[in-house]
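Single-letter residue listing:
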Amino acid sequence: MAGGDIVGGHKVTTNLNIGSPSPTGALRRLLEKLQHEQATDTRARKIIDELKRFDEPQDPVPLGLQQKLADGKRDDLVEFATKTKEQFVKKLAQNTFFESAQEIHALFLSRIYCIFNTQVLPQIKEGVDRQVIDALIRAHIIDPIVAELQETPFRYYDEHVHGMLYYLTGNCYVKWN
């Protein structure tokens with residue numbers, strides 16, 4: 001009996017890791033910048049464009065969060081989505097005093113936007129089961145971002161990252177259908 005794979009010829013293995021379990025170079029740099037800004041009390045004078053763009057709805061006639069979730073057959077999540085989105089918006093408002101904090105939020109909103117639209121949305125369009133979609137979101141968005149943001153002054157938990165996802169949904173960056 002073999003204690004592993006039996007291969008005739010060459011075995012080729014591919015491992016695909018999406019997300020990052022530890023802070024990226026960009027995040028480390030921004031956290032250092034944040035520490036400096038806090039130490040010198042260097043406050044931001046305005047909201048940076050990279051963050052501001054996520055606050056502006058993409059669709060000319062934006063639908064509400066409730067309608068977008070209903071269109072994606074996720075109307076059972078309206079209450080949860082609304083609460084977590086509001087929690088994120090409050091946390092975001094508390095953390096916009098420093099430019100680097102804004103950059104960190106823009107970095108993660110952008111990451112969610114890109115991962116959702118390139119990894120999750122195609123699966124939704126293929127008609128993949130909801131539990132599989134939820135597992136993709138957990139594995140590729142929620143868990144990696146919580147892991148990265150836990151070691152920051154922001155202390156983001158699952159509900160905050162869900163809130164980021166629903167914030168993007170409300171502003172037409174994430175679509176569920």
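Further up the page is the structure itself.
Only a predicted model underlies this, so the values are computations on that prediction, with no experimental measurement involved. (Residues numbered from 1 in each chain as written. Predicted model: local features only at pLDDT ≥ 70, side-chain atom pairs only at ≥ 80, totals over all residues. Heavy atoms only, no water.)

(A) Molecular detail of the overall build of the protein. When its secondary structure is counted, the protein shows seven helices and zero strands. When the helices and strands of the protein are placed in sequence order, the string is α-α-α-α-α-α-α. Buried positions account for 40% of the 177 residues belonging to the protein. Looking at the protein alone, contacts between residues at least 24 apart form 78% of all its contacts between residues at least 6 apart. (Helix = DSSP H or I, 4+ residues; strand = E, 2+ residues; numbered from the N terminus. Buried < 20%, exposed > 50% of the residue type's maximum accessible area, 1.4 Å probe, protein only. Contact = heavy atoms within 4.5 Å.)

(B) Seen up close, the packing of helix 4 (residues 78-94) against helix 7 (residues 158-170). Interaxial distance between helix 4 and helix 7 falls to 7 Å at its minimum, and their mutual angle equals 100°. It follows from the interaxial angle that helix 4 and helix 7 lie roughly perpendicular. Residues F80, A81, T84, K85, Q87, F88, V89, K91 and L92 of helix 4 form the contact with helix 7, whose own contacting residues are E159, H160, H162, G163, M164, Y166, Y167 and G170. (Axes fitted to C-alpha atoms, helices over the stretch in contact; angles between N-to-C directions. Parallel < 35°, antiparallel > 145°, perpendicular 65-115°, else oblique.)

(C) Looking closely at the nonpolar core. Core analysis: the biggest nonpolar cluster contains 45 residues, and F116 and W176 have the highest contact counts within it. Elements with a contribution of two residues or more to this core: helix 1 (25-40), helix 3 (65-71), helix 4, helix 5 (99-125), helix 6 (130-149) and helix 7. Here this core takes 11 residues from helix 5, the largest share from any one element. The contacts of W176, once residues within four sequence positions are left out, are K68, L69, G72, R74, F116, I124, I137, L165, Y166 and T169. (Core = buried A, V, L, I, M, F, W, Y, C linked by side-chain atoms within 4.5 Å.)

(D) Up close: helix 5. Taking 1.5 Å as the rise per residue, helix 5 with 27 residues should run 39 Å; its terminal C-alpha atoms sit 37 Å apart, in good agreement. After helix 5 finishes, the residue G127 shows a positive phi value of roughly 85°. (Expected span 1.5 Å × (residues − 1).)

(E) Just the packing of helix 6 against helix 7, in detail. The N-to-C vectors of helix 6 and helix 7 enclose an angle of 120°; their axes lie 9 Å apart at closest approach. It follows from the interaxial angle that helix 6 and helix 7 lie oblique. Crossing geometry of helix 6 relative to helix 7 is assigned as right-handed. In contact with I137, R138, I141, I142, I145 and V146 of helix 6, helix 7 contributes D158, V161, H162 and L165. When grouped by side-chain class, the residues that make up the contact of helix 6 with helix 7 number seven nonpolar, one polar and two charged. (Left-handed = near helix turned anticlockwise from the far one by under 90°. Nonpolar A, V, L, I, M, F, W, Y, C, P; charged D, E, K, R; others polar.)

(F) Representation of the pattern of salt bridges within the structure. Within this structure, the stated rule accounts for 11 salt bridges. Where E103 meets K33, a salt bridge forms, and the shortest distance between an N and an O atom there is 2.7 Å. Highlighted residues: E103 in helix 5 and K33 in helix 1, separated in sequence by 70 residues. Notably, a salt bridge pairs K52 with D49, separated by 3.9 Å at the nearest N-O pair. Of the two residues, K52 and D49 are both situated in helix 2 (residues 49-52); the distance of three residues between them amounts to about one turn of the helix. (Salt bridge = Lys/Arg side-chain N within 4 Å of Asp/Glu carboxyl O.)

(G) Spotlight on the side chain of H105. Here H105 shows up in helix 5. When residues no more than four places from it in sequence are discounted, the contact partners of H105 are L51, F88, L92, N95, F154, Y156 and M164.

(H) Expanded view of the packing of aromatic side chains. In this structure the tally under the stated criterion is nine aromatic pairs. On the numbers, 5.2 Å between centres and 65° between planes, the contact of F88 with Y167 is edge-to-face. On the criterion of sequence distance, the pair formed by F88 in helix 4 and Y167 in helix 7 is long-range, its members being 79 residues apart. Assigned by exposure class, F88 and Y167 land together as buried. Note that R43 overlies the ring of F97, its terminal NZ or CZ placed 5.5 Å from the centroid. (Phe/Tyr/Trp six-rings, centres within 6.5 Å; stacked < 30°, edge-to-face > 60°. Lys NZ or Arg CZ within 6 Å of the ring centre and 35° of its normal.)

(I) Expanded view of unusual backbone geometry. If you check the backbone angles, D41 has positive phi at about 55° while not being a glycine. Structurally, D41 can be placed in the loop between helix 1 and helix 2.

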